[in-house]
Amino acid sequence: MVACAAEQRVRVPVLRARWRTQTFVHWPVRPEAVQALLPEELTVDCYEGTAWVSLTPLLMTEVRLLGMPSALPALPDFPQTNLRTYVRHRGGRDGLWLFSVEVGCPALCAARAIGAPYHPGSVELRRHGDTVVYAGSRRTGGVFYRLVVRPGDPVEPTERDHWLVSRWRAYTRRAGLVWASPVEHEPWPLNSARVEALEENLTAAAGLPAPLGEPVVHYSRPVRDVRLGAARPVWGGGR
């Protein structure tokens, strides 16, 4: 099992933010199909023998980057959408592998310097009645998505729910090395949710196959004081 709360303090964050209006759409996928897309240092992490891929759109608010003077306002709010899977480093530590990050904020594309797969483009988030609509498209390549979700009531997370959402580092690869970026925030306050509509080719663009079944869907109430730490190369012990 993974830890339900942050595994380490991020004392000097390179980014602080609040996450709002986040949806998780989790699909079961064949482990060997995911493993073929990972660096050799990472192994696909499975729950009861199945790999999972998640589409996670959200709204980034109160974003402050390291070095921003406190007298300056935070960056304007912006939506972001991640496509990710679940992995373990050969040293044993679990985390996320990001296939893509769709973002409309040019400042965050600087993270490509450590191998983070940021893709600039048009990214939208809006409410329509009782539903939340997420949509986006890249500037090049014809990659797009549109997701309509109806949030439900708060839920008590199951073991599988914790496994799917409680990850405290993201792995990237650059210059022949795997890097890990730690994250710290409160546990996710999850609601149930239902997909009303979904069109996307993000998964196909990442090289992923069709899922093995219907998605598991969650919606999260706001998460405060998100602290993202600096990326560091990961050596054989996974630290």
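Structure: see above.
A brief structural summary.

Rules and cut-offs
Residues numbered from 1 in each chain as written. Predicted model: local features only at pLDDT ≥ 70, side-chain atom pairs only at ≥ 80, totals over all residues. Heavy atoms only, no water. Buried < 20%, exposed > 50% of the residue type's maximum accessible area, 1.4 Å probe, protein only. Helix = DSSP H or I, 4+ residues; strand = E, 2+ residues; numbered from the N terminus. Pairing = 2+ DSSP bridges. Polar contact = N/O pair within 3.5 Å; in protein donor to acceptor, adjacent residues only side chain to side chain. Contact = heavy atoms within 4.5 Å. Phe/Tyr/Trp six-rings, centres within 6.5 Å; stacked < 30°, edge-to-face > 60°.

## Regarding the pairing of strand β8 (residues 131-138)
Then, in step 1: Among the 8 residues of β8, 7 are classified as buried, and the element is accordingly described as predominantly covered.
Then, in step 2: Where strand β7 (residues 118-128) meets β8, 8 bridges bridge the pair, whose relative direction is antiparallel. The residue bridging Arg126 from the neighbouring strand is Val133, located in β8.
Then, in step 3: Linking β7 to β8, which pair antiparallel, is a turn of 2 residues; within it Gly129 sits at a positive phi near 65°.
Then, in step 4: The pairing of β8 with strand β9 (residues 144-154) spans 6 bridges and is classified as antiparallel. Of the residues in β9, the one forming a bridge with Val133 is Val148.
Then, in step 5: The antiparallel pairing of β8 with β9 creates a hairpin that spans 5 residues between the two strands, and Gly141 there sits at a positive phi of about 90°.

## Side note on the side chain of Arg138
Then, in step 1: Note that Arg138 resides in strand β8.
Then, in step 2: Judged by its relative accessible area of 17%, Arg138 is buried.
Then, in step 3: A distance of 2.9 Å separates polar atoms of two side chains, one belonging to Arg138 and the other to Glu102.
Then, in step 4: For Arg138, the residues in contact, after removing those within four places along its chain, are Ser100, Glu102, His119, Pro120, Gly121, Val143 and Leu202.

## Structural notes on the packing of aromatic side chains
Then, in step 1: Tallying each qualifying case throughout the model produces 4 aromatic pairs.
Then, in step 2: Consider the rings of Trp19 and Trp188, whose centres lie 5.5 Å apart with planes at 10°: the pair is stacked. Taken together, the positions of Trp19 in strand β1 (residues 15-20) and Trp188 in the loop between β11 (177-184) and β12 (190-200) put the pair 169 residues apart, joining distant regions of the chain. In this pair, the class of Trp19 matches that of Trp188, namely buried.
Then, in step 3: Look at Tyr47 and Trp163: their rings are 5.6 Å apart centre to centre, the planes differ by 55°, and that puts the pair in the tilted class. In this pair, Tyr47 is assigned in the loop between β3 (42-44) and β4 (51-65) and Trp163 in helix α2 (residues 159-165), connecting sequence segments 116 residues apart. Each member of the pair, Tyr47 together with Trp163, is buried.

## What about the environment of Trp52?
Then, in step 1: Along the polypeptide, Trp52 turns up in strand β4.
Then, in step 2: Residues Trp52 and Leu164 lie 112 residues apart in sequence; the distance between their C-alpha atoms is 8.0 Å.

## Quick look at the side chain of Thr61
Then, in step 1: By secondary structure assignment, the location of Thr61 is in strand β4.
Then, in step 2: The residues contacting Thr61, other than those within four sequence positions of it, are Ala17, Arg18, Arg20 and Asp77.

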